[in-house]
Amino acid sequence: MLPESEAELAEMVRAAGAAGKGLAIRGGGTRGIGRAIEGTPLSLGGLAGITLYEPGALTLVARAGTPVEEIEAVLAAEGQRLPFEPWDGRAMAGANGVPTVGGLAATNASGPRRIEVGAARDSMIGVRFVDGTGAVVRNGGRVMKNVTGLDLVKLLAGSHGTLGILTEVAFKVLPASMETASLVFDGHDLETAGHAMRAALATPYGVSGAAHGGGRTWLRIEGFPASVAHRTKALGSALARFGSGRVEPGPGDWAAIRDVTAFAGRQGALWRISVRPSDGPGVAARLAPAEVMLDWAGGLVWALAPETMDVRAALGVPGHATLMRASEAAKTAWGVFHPEPGPVAALSAGLRARFDPQGILNPGLMAAPAKVAA
C-alpha cells in the first residue's frame, strides 16, 4: 500500500479497520527494530516533500516520507541543521533504505548532541497523523509563534507507529556550527571515562558530545572558530587530572559514534540502554563479556551481547534496555522494548485503545517478552 495523500491514507486505514486487518507501517525501512509484524505493508514513501521552510523563523515542515538527507541538504544550504543530530540506522540494522522524517520522529532518533539540545521530540513543534480509526489529527503548530498544545507531539515521538501514522512533522531548527573539534583521551577505563565525561559537562565550555569506547574518550566542542580553539584548550586544562588529551579538528569520529558503526554486521544482540549518566559505566562493566560503548556522557550504553544473555537482569539500576538488532527468536524471548511497570503499562494500553481501538497499527510490535528479567 502506497498512499499519495493524507486523505488516501485515511481511507486505507478505515478500510483496514473495517476488515480487521493489521498494517505494518514503513518509512524508509532503516529503523525497523521491532519484531516481524503480521499485517499489510504500508509505505509512506508517497507522502514526501518539504511543505514549509522559513530560515528566518528557524522552522521547517516536511511530509513523513521525506528523506532526512534531503532535509539536511536544504538546511545546510542556509547554514542550519536539525539540532538533535538524528542517528542513521542503516549500519547497525544492515538496511539499504533511506531514513525518512516519519521514521525519525516515530523512533525519537536522537544523537550525541542530545546532551546539549535535547532529543528529537524537543525539536518537534507540530505533527499531523492518521489514527487507527482513520481520523486525521493535527497538533502543535507549523511555526514557533503559533505553537500550542504540544502534548500529542511529545506522545507521537517515539511511539513507533502504534498510536498513529505520521503524515507531516514540523521542526524548529538551529544554525549550524562553523567549527568542530574534539578533545580525545586514550587509555581510559570505564570508570575513569565516566568521571571525565561528567566533569567535562560540568565545565562552562559547552561540550556537545561525550562518548567512550574501545579505551578512547571523545569530548566535542562546536561553535565559532576562535571560540572552539579557546574552549578546547581550556577544557583540556580543566581535565588535566584525567591525562593529556589531544585535539582532533573537524567532525572526527562522531558520525560513527552516532550510528554505532563499530557494531555493524557483527554477530550478537545489539542493545540500546538508557540510564543515569553516573550509572552508565557500572552498567557497562556488569554486562561483560558484552562489548560496550558509552554516549551521552554515560547515559546511553550500547552493548553487543550474546543473544542468550539476560541484559535487563544485569542492569542493577533503573533504566530501559531496548533490543535494537537480534534474531527473531531472541526478540521473542527477551522482547524488543523494556517491560513497563504496571501503572505505566496500563496508561500505555489506554492510550493505544484510544488512538487505535482495533489494534491495527503495527500489531504485535509491543508484545511482551517470553522471558522476564529476574
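So, here's what we can say about the structure. (Residues numbered from 1 in each chain as written. Predicted model: local features only at pLDDT ≥ 70, side-chain atom pairs only at ≥ 80, totals over all residues. Heavy atoms only, no water.)

### Thoughts on the overall build of the chain
Turning to step 1, where the next piece is worked out: Counting secondary structure elements, the chain contains 14 helices and 17 strands.
Turning to step 2, where the next piece is worked out: Taking 374 residues into account, the globule formula puts the C-alpha radius of gyration at 21 Å, and the chain, at 21 Å, falls close to it.
Turning to step 3, where the next piece is worked out: Based on the C-alpha atoms only, the size of the chain along its principal axes is roughly 65 × 55 × 35 Å.
Turning to step 4, where the next piece is worked out: Among the 374 residues that make up the chain, the fraction classed as buried is 51%.
Turning to step 5, where the next piece is worked out: When contacts within the chain are restricted to residue pairs at least 6 apart in sequence, long-range pairs at least 24 apart make up 72% of them.
Turning to step 6, where the next piece is worked out: Element-wise, carbon and sulfur atoms account for 55% of the exposed surface of the chain, whose accessible area totals about 15,500 Å².
Turning to step 7, where the next piece is worked out: The averaged location of the 33 negative side-chain charges in the chain is 3 Å from the averaged location of its 35 positive side-chain charges. (Helix = DSSP H or I, 4+ residues; strand = E, 2+ residues; numbered from the N terminus. Rg over C-alpha atoms; globule rule 2.2 N^0.38 Å. Buried < 20%, exposed > 50% of the residue type's maximum accessible area, 1.4 Å probe, protein only. Contact = heavy atoms within 4.5 Å. Areas by Shrake-Rupley, 256 points an atom, 1.4 Å probe, with all protein chains shown as cover. Lys, Arg positive; Asp, Glu negative; His and termini not counted. Charge placed at Lys NZ, Arg CZ, Asp CG, Glu CD.)

### Examining the sheet that holds strand 10 (residues 179-186)
Turning to step 1, where the next piece is worked out: Here eight strands make up an open sheet; going across it, the order is 13-10-12-11-15-16-14-17 and the pairing antiparallel. On the outer flanks of this sheet lie strand 13 (246-249) and strand 17 (320-325), each paired with one strand and no other. Sheet twist, expressed as the average angle between the axes of neighbouring strands with direction ignored, equals 20°.
Turning to step 2, where the next piece is worked out: Of the pairings in the sheet, the one linking strand 11 (residues 207-213) to strand 12 (residues 216-223) comprises six bridges and is antiparallel in character. Residue His212 lies in a different strand from strand 12, and its bridge partner there is Thr217.
Turning to step 3, where the next piece is worked out: Of the strands in this sheet, strand 11, strand 12 and strand 15 (291-295) touch helix 8 (residues 190-201), which is tilted by about 180° from strand 11. (Pairing = 2+ DSSP bridges. Axes fitted to C-alpha atoms, helices over the stretch in contact; angles between N-to-C directions.)

### Points about the layout of surface pockets
Turning to step 1, where the next piece is worked out: The volume enclosed by the largest pocket comes to roughly 1,300 Å³.
Turning to step 2, where the next piece is worked out: Around the largest pocket, the lining is made up of 44 residues, and of these Gly158, His160, His320, Phe337 and Glu340 lie nearest the centre.
Turning to step 3, where the next piece is worked out: Mapped by element, the contributors of at least two residues to the lining of the largest pocket are helix 5 (114-117), helix 7 (151-156), strand 14 (269-274), strand 17 and helix 14 (342-355).
Turning to step 4, where the next piece is worked out: Here the element with the most residues in the lining of the largest pocket is helix 14; it accounts for six residues.
Turning to step 5, where the next piece is worked out: Partitioned by chemical class, the residues of the lining of the largest pocket number 25 nonpolar, 13 polar and six charged. (1 Å grid on protein atoms, 1.4 Å probe; cavity = no way out; pocket = protein on both sides within 12 Å on 5 of 7 lines; lining within 4 Å. Points joined across faces, edges and corners; volume = space filled by probe spheres on them. Nonpolar A, V, L, I, M, F, W, Y, C, P; charged D, E, K, R; others polar.)

### A closer look at the pattern of salt bridges
Turning to step 1, where the next piece is worked out: Considering all chains together, one arrives at 16 salt bridges under this definition.
Turning to step 2, where the next piece is worked out: A salt bridge links Arg128 to Glu6, with the nearest nitrogen and oxygen atoms 2.6 Å apart. Of the two residues, Arg128 is situated in strand 6 (residues 124-130) and Glu6 in helix 1 (residues 6-19); the sequence distance between them amounts to 122 residues.
Turning to step 3, where the next piece is worked out: Residue Glu6 is classed as buried on the basis of its relative accessible area of 19%.
Turning to step 4, where the next piece is worked out: One salt bridge in this structure joins Asp88 and Arg90, with 2.6 Å as the shortest N-O distance. (Salt bridge = Lys/Arg side-chain N within 4 Å of Asp/Glu carboxyl O.)

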